[in-house]
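Coordinate analysis (summary)
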Amino acid sequence: QLQLVESGGRLVQPGESLRLSCVASGFTLDGYAIGWFRQVPGKEREGVSCINSRGGRTNYLESDQGRLTISVDKAKNTVYLQMNNLKPDDTAVYYCAVRNADFCSRYAVNYVYWGQGTQVTVSS
């Protein structure tokens, strides 16, 4: 019954922007921390950003420099990741995840509900 579905990933050129969406069903996002992660072949799943139930936000990528914004629309039960000025190194499968707690973590092991992922490819 619990489900997270990501969308919005596609092929873009360097410097362009994307907004990824994650729609939750079967439960409400209120009261949980929500994270975005990414993974490339042969690499560990990497924490990108997180927002807790009180609106506290944390970005984890060293390459962020203001390019990433996580947000949540509780009325739509949807979490978003706005990604600006995309770079080739941002190419990955992006996942949203929910932690059964109201504070953030950068580590995938702390999250219990996961979406199927959406592919982001940044290339000229």
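Refer to the structure presented above.
Every chain's residues receive numbers from 1 upward, in the order its sequence appears when written. pLDDT decides what is reported in this predicted model: residues at 70 or higher carry local features, side-chain atom pairs at 80 or more are listed and counted, and totals for whole chains, interfaces and linings draw on all residues regardless. Remark: hydrogens and water are excluded; side-chain values derive from all non-hydrogen atoms of the structure.

Focus on the state of the cysteines
Linking two cysteines covalently through their sulfur atoms gives a disulfide. Any cysteine sulfur atom paired with another within 2.5 Å is treated as part of a disulfide. Enumeration over the complete set of coordinates arrives at two disulfides. Here Cys22 pairs with Cys96 through a disulfide, and the sulfurs are 1.8 Å apart. Disulfide Cys22 to Cys96: torsion about the S-S bond roughly 55°, handedness right-handed. Of this pair, Cys22 sits in strand β3 (residues 18–25) while Cys96 sits in strand β9 (residues 92–99), and the two are 74 residues apart along the sequence. Just as Cys22 is buried, Cys96 falls in that class too. The side chain of Cys50 participates in a disulfide bridge whose partner is Cys104; the two sulfur atoms lie 2.1 Å from each other. On the S-S bond that ties Cys50 to Cys104, the torsion sits near -90°, and the link is left-handed. Here Cys104 lies in the loop between β9 and β10 (113–114) and Cys50 lies in strand β5 (residues 46–51), a separation of 54 residues in the sequence. Buried means the residue's accessible area, taken with a 1.4 Å probe over protein chains only, is under 20% of the maximum for its type, while exposed means over 50%, and partly exposed covers the values in between. Overall, Cys104 belongs to the partly exposed group, its relative accessible area being 23%. Runs of H or I in DSSP of at least four residues are treated as helices and runs of E of at least two as strands, each being numbered from the N terminus.

Re the pairing of β9
Most of β9 sits inside the fold, with seven of its eight residues counted as buried. Two strands pair when backbone bridges link them, and strand β4 (residues 33–39) and β9 are joined in this way by seven bridges, in the antiparallel orientation. Note that in β9 the partner of Arg38 across the bridge is Tyr94. Should DSSP find at least two bridges between two strands, the strands are taken to pair. Relative to strand β11 (residues 118–122), β9 is paired through three bridges, and the arrangement is antiparallel. Considered in β11, the bridge of Val93 is made with Gln119. Two elements, β9 and β10, share two bridges in a ladder whose sense is antiparallel. Within β10, the residue paired with Ala97 across the bridge is Trp114.

A word on the side chain of Arg67
With respect to the element layout, Arg67 can be found in the loop between β6 (57–59) and β7 (68–73). Contacts described as polar in this section are N or O atom pairs within 3.5 Å, which, within protein, must combine one atom able to donate a hydrogen with one able to accept it, while residues neighboring in sequence count only if both atoms come from side chains. Within the local environment of Arg67, its side chain forms a polar contact with the backbone oxygen of Ser63, the two atoms lying 3.1 Å apart. If we ignore the near neighbours within four places in the chain, the residues touching Arg67 are Gln82, Met83, Asn84, Asn85, Leu86, Lys87 and Asp90. Contacts between residues were defined by any pair of non-hydrogen atoms, one from each residue, lying within 4.5 Å.

Here's the deal with unusual backbone geometry
One non-glycine residue, Gln65, lies in positive phi territory at about 50°. Within the fold, Gln65 resides in the loop between β6 and β7. For Gln65, a relative accessible area of 76% translates into the label exposed. A positive phi angle, close to 50°, is found at Asn85, a residue other than glycine. As for its placement among the helices and strands, Asn85 is situated in the loop between β8 (78–83) and β9. Its relative accessible area of 39% is what places Asn85 among the partly exposed residues.

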